[in-house]
Amino acid sequence: MGFLGVLVVLILIIVVVIIGLIVWVIRGQKNLVHSEELCGNALSQIGIQQASRWDALTALADLTKQYSDQEYNTLMDVIRARQGVNPNTPATEVDQQEGMLQQATSRLMAVAEAYPDLKSNTLYLKTMDSVHGYEDNVRMSRMVYNDTVTRYNRLVRSLPGSLVAGSLGFAPREYLENDATKANMPSMAR
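All figures in this text were calculated on a predicted structure; none of them were measured in a lab.

(A) Highlighting the packing of helix H1 (residues 3-64) against helix H2 (residues 69-80). Two numbers describe how H1 lies on H2: the axes approach to 9 Å, and their chain directions differ by 165°. In this view, H1 runs roughly antiparallel relative to H2, as classed from their interaxial angle. Crossing of H1 against H2: the hand is left-handed. Of the residues in H2, those touching H1 at Trp-54, Leu-57, Thr-58, Ala-61, Asp-62 and Thr-64 are Tyr-72, Leu-75, Met-76, Val-78 and Ile-79. In terms of residue class, the contact of H1 with H2 is built from eight nonpolar, two polar and one charged.

(B) View of a nonpolar patch on the surface. Side chains of Met-1, Val-6, Val-9, Ile-13, Val-17, Leu-21, Trp-24, Val-25, Leu-159, Leu-163 and Leu-168 sit close together on the surface and give an oily, nonpolar patch of about 1,100 Å² of accessible area. Taken together, the elements giving at least two residues each to the nonpolar patch come down to H1 and helix H6 (161-168). At seven residues, H1 tops the list of elements feeding residues into the nonpolar patch. Position of Leu-159 among the secondary structure elements: in the loop between helix H5 (122-157) and H6.

(C) A look at the nonpolar core. Counting residues in each nonpolar core, the largest one holds 22 residues, and the members touching the most others are Trp-54, Leu-57, Leu-60, Ala-61, Ile-79, Ala-104 and Tyr-124. Looking at this core, the elements that each hand over two or more residues are H1, H2, helix H3 (91-114) and H5. Residue contributions to this core peak at seven residues, all from H3. When sequence neighbours within four positions are dropped, the list of residues in contact with Ile-79 reads Trp-54, Leu-57, Thr-58 and Ala-61. Counting 16 residues, the second largest nonpolar core, distinct from the first, contains Ala-91, Val-149, Tyr-152 and Val-156.

What counts, and where the lines are drawn
- Note that residues are indexed from 1 along each chain, following the sequence as it is written.
- Predicted model: local features are reported for residues with pLDDT of at least 70 only, side-chain atom pairs are reported and counted for 80 or more only, and whole-chain, interface and lining totals are derived from all residues.
- The side-chain figures draw on all heavy atoms in the structure; neither hydrogens nor water molecules are used.
- Helix axes are fitted to C-alpha atoms over the stretch in contact, other axes to C-alpha atoms as well, and angles between N-to-C directions run from 0 to 180 degrees.
- Elements are defined by DSSP. Helices are runs of H or I of four residues or more, strands are runs of E of two residues or more, and each kind is numbered from the N terminus.
- Roughly parallel refers to an angle under 35 degrees, roughly antiparallel to one over 145, roughly perpendicular to one between 65 and 115, and oblique to any angle outside these ranges.
- Whether a crossing is left-handed or right-handed is set by the direction in which the near helix is turned from the far one by less than a right angle, anticlockwise for left-handed and clockwise for right-handed.
- The contact criterion used throughout is that any non-hydrogen atoms of two residues lie within 4.5 Å.
- Under the grouping applied here, Gly and all other residues not named as nonpolar or charged are polar, the nonpolar ones being Ala, Val, Leu, Ile, Met, Phe, Trp, Tyr, Cys and Pro and the charged ones Asp, Glu, Lys and Arg.
- Patch membership requires over 30% relative accessible area and the absence of a salt bridge. Like charges are linked within 9 Å, and nonpolar side chains (Val, Leu, Ile, Met, Phe, Trp, Tyr) within 5 Å.
- For the accessible areas, the method is Shrake-Rupley and the probe is 1.4 Å, while residue cover comes only from the protein chains on display.
- Definition used for salt bridges: Asp or Glu carboxyl oxygen within 4 Å of a side-chain nitrogen of Lys or Arg.
- Nine residue types can take part in a nonpolar core, namely buried Ala, Val, Leu, Ile, Met, Phe, Trp, Tyr and Cys, and a core is a set of them joined through side-chain atoms within 4.5 Å.
- For each residue, the accessible area found with a 1.4 Å probe, counting protein chains only, is set against the maximum for its type, and the residue is called buried under 20%, exposed over 50%, and partly exposed in between.

So, in structure tokens, the structure goes:
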């Protein structure tokens, strides 16, 4: 094998290595995109559950109007201040929305305590049960989101994924915080 033969073999090896690197980068990018999309989907699920809770709280606020216009107006101000959650919403905003939901729920519980007729209203009880169900769904969705972010962050931060992630602009995502005050939340039970 002469010089020309060695050169052809060397060029073929270089082409195969380049093609292998391109395939590796494409696979890495696809894995990162897939994982990032799962994070966005998990966050959207939280948004859906939060929206359902807001709807239920709006219905409860409407019930309080019969008892106290001031409380109704205060609750509606909190409800109007809500923001939707989408796949690009930062984790801190999701946590902020949870805080607003807690504030509205606590306020509703206080109104119900002040007005026993409201607290015993069948529609109030059913709606509070649905709020409780939505809270459980949000809790579960938050756990799914944080688990999904863990898997995504591992791809972004560990080798060899970090080489692709860094060069293509993928960055670790934030976790949703565990709210210590939830342990002190009033019981939703009757």
